[in-house]
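Each chain, written out:
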Amino acid sequence: MGRPPLNSRLAEFGTTIFAEMSALAVRTGSINLGQGFPDVDGPESVREAAVRALRDGRGNQYPPGPGVPELREAVAAHQSRFYGELGLTYDPDTEILVTAGATEAVAASLLGLVEPGDEVIALEPYYDSYAASIALAGGTRVPVTLRPRDGAYALDLDELRDAVTDRTRLILLNTPHNPTGTVLTRDELAAIAGLCVERDLLAVTDEVYEHLVYDGEHLPLASFEGMRERTVTISSAGKTFAFTGWKVGWAMAPPELLAAVRAAKQYLTYVASGPFQYAIAEALALPDTYYEGLRDDLRTKRDLLSAGLRDAGFEVFRSAGTYFITTDIRPLGASDGIDFCLSLPERCGVVAVPTQVFYDHQPEAAHLVRFAFCKREEVLRDATSRLKGLTS
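Residues numbered from 1 in each chain as written. Predicted model: local features only at pLDDT ≥ 70, side-chain atom pairs only at ≥ 80, totals over all residues. Heavy atoms only, no water.

A. Main features of the nonpolar core. Counting 102 residues, the largest nonpolar core has Leu172, Phe241, Ile280, Phe314, Phe371 and Leu387 as its most contacted members. Considering every element that reaches this core, the biggest residue donor is helix H11 (residues 288-311), with 7 residues. Each residue touching leucine 387, except ones within four places of it in the same chain, is listed here: Leu309, Ala312, Phe314, Leu344, Cys348, Val350 and Phe371. Of all hydrophobic cores here, the second largest spans 28 residues; its members include Leu146, Ile171, Leu184 and Cys196. (Core = buried A, V, L, I, M, F, W, Y, C linked by side-chain atoms within 4.5 Å. Buried < 20%, exposed > 50% of the residue type's maximum accessible area, 1.4 Å probe, protein only. Helix = DSSP H or I, 4+ residues; strand = E, 2+ residues; numbered from the N terminus. Contact = heavy atoms within 4.5 Å.)

B. Just the pairing of strand S4 (residues 140-145), in detail. Most of S4 sits inside the fold, with 5 of its 6 residues counted as buried. Alignment of strand S3 (residues 119-124) against S4, held across 6 bridges, turns out to be parallel. From the neighbouring strand, isoleucine 121 faces S4, where its bridge partner is valine 142. For the segment spanning S3, helix H5 (residues 128-136) and S4, crossover handedness is right-handed. (Pairing = 2+ DSSP bridges. Right-handed = clockwise from strand over helix to strand, strands pointing away.)

C. Fine view of the side chain of threonine 180. Relative to the assigned elements, threonine 180 resides in the loop between strand S7 (168-174) and helix H7 (186-199). A distance of 2.8 Å separates polar atoms of two side chains, one belonging to threonine 180 and the other to histidine 177. There is a polar contact of 2.9 Å between the side chain of threonine 180 and the side chain of threonine 182. Threonine 180 has contacts with Pro125, Leu146, Tyr153, Arg318, Ser319 and Thr326, leaving out every residue within four places of it along the chain. (Polar contact = N/O pair within 3.5 Å; in protein donor to acceptor, adjacent residues only side chain to side chain.)

D. The arrangement of the packing of helix H4 (residues 101-113) against helix H9 (residues 255-265) in detail. Close contact between H4 and H9 brings their axes to 7 Å; oriented N to C, the two are set at 110 degrees. Relative to H9, the element H4 is oriented roughly perpendicular. Across from Glu104, Ala105, Ala108, Ser109, Leu111, Gly112 and Leu113 in H4, the residues of H9 making contact are Leu257, Ala260, Val261, Ala264 and Lys265. For the contact of H4 with H9, the residue count by class is 8 nonpolar, 2 polar and 2 charged. (Axes fitted to C-alpha atoms, helices over the stretch in contact; angles between N-to-C directions. Parallel < 35°, antiparallel > 145°, perpendicular 65-115°, else oblique. Nonpolar A, V, L, I, M, F, W, Y, C, P; charged D, E, K, R; others polar.)

E. Region of interest: the pattern of salt bridges. Counted under the stated rule, the structure contains 25 salt bridges. The closest approach of N and O atoms between arginine 47 and aspartate 41, which form a salt bridge, is 2.8 Å. With a closest N to O distance of 3.6 Å, aspartate 166 and arginine 199 form a salt bridge. Residue aspartate 166 is located in the loop between helix H6 (157-163) and S7, and its partner arginine 199 is located in helix H7; the two are separated by 33 residues in the primary sequence. Look at arginine 199 and you get partly exposed, because its relative accessible area is 31%. Residues joined in a network through salt bridges with shared partners are Asp39, Arg376 and Glu378. (Salt bridge = Lys/Arg side-chain N within 4 Å of Asp/Glu carboxyl O.)

By themselves these figures say nothing about function.
And the structure:
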């Protein structure tokens, strides 16, 4: 075979780290604190809504390309309910597109909006699909690195400003941020908005953890002055309702931007998750007590795992949101996160993810490891008990 079969744009990408580490957990019978999925299903009422949709024949055939009207209307109502005071509302018919999870929404946004050679700024470390989607679009990835500051991770706004060039097309923003748990502040978002307006940049924002904020507040970038008309806002049901396998996400944007996203999305999955769309439409209308209970439950689990990791000898960075905690393994006498994570199942029966796979500049993150706390409390207690064996 004269030419390698893999497209050169994807040459740097192999199997995702999540698939590798989850397979390792299954193979070794370890507790999986690597991949960010809950170990219990979400609300029974939502699951039953999906069953009802299946039985009633709703969504068993192709749903409408933009998504079922009930879900688009529910997404619009959700935005008005939680962000209406910020002036952020969307038309369900022209400004909301249902996707196969947020991952497809990000990919379709980049494919639809980025020309070959355009630069895309992404906060590093970043979810691995971002890099692949930028590459598929022919864009150039420009990382701006979040770095430890006062026990957490922070954005250097001067570094972000310096990263913008005449070739910059858009900023790909994730807040609350996976994997660091950073929640960008009002002042940081205002500065980012001002930069986008000043330099005429688009923004694509991944806000799937919008309801999982434990310290601070979540503010959509699109709610800042001058940003609604230049922002594609993305979220999904998986993290909020603990049905990650249903793959129901959505993109929200003004009609001209959404048309570009839809043009790419229709040739990816075309449509997906028909019956689940009806169920998520009902889920989005759950009362405030559900959202508050979800946040409070996960805050308790964050605190439980953070304390357990400290007791086991890790340096633990504060997580203000998401499912994840970033740790430094150097206090344990280790320096290579990949080797550490590959040996961890055999050493104590726990799986984690080496954070360096989310960086372009891997050496500065070689000693960092991410743990997920979206598990039952008894599982987290078992895991922390096992991890204490690292120092015994």
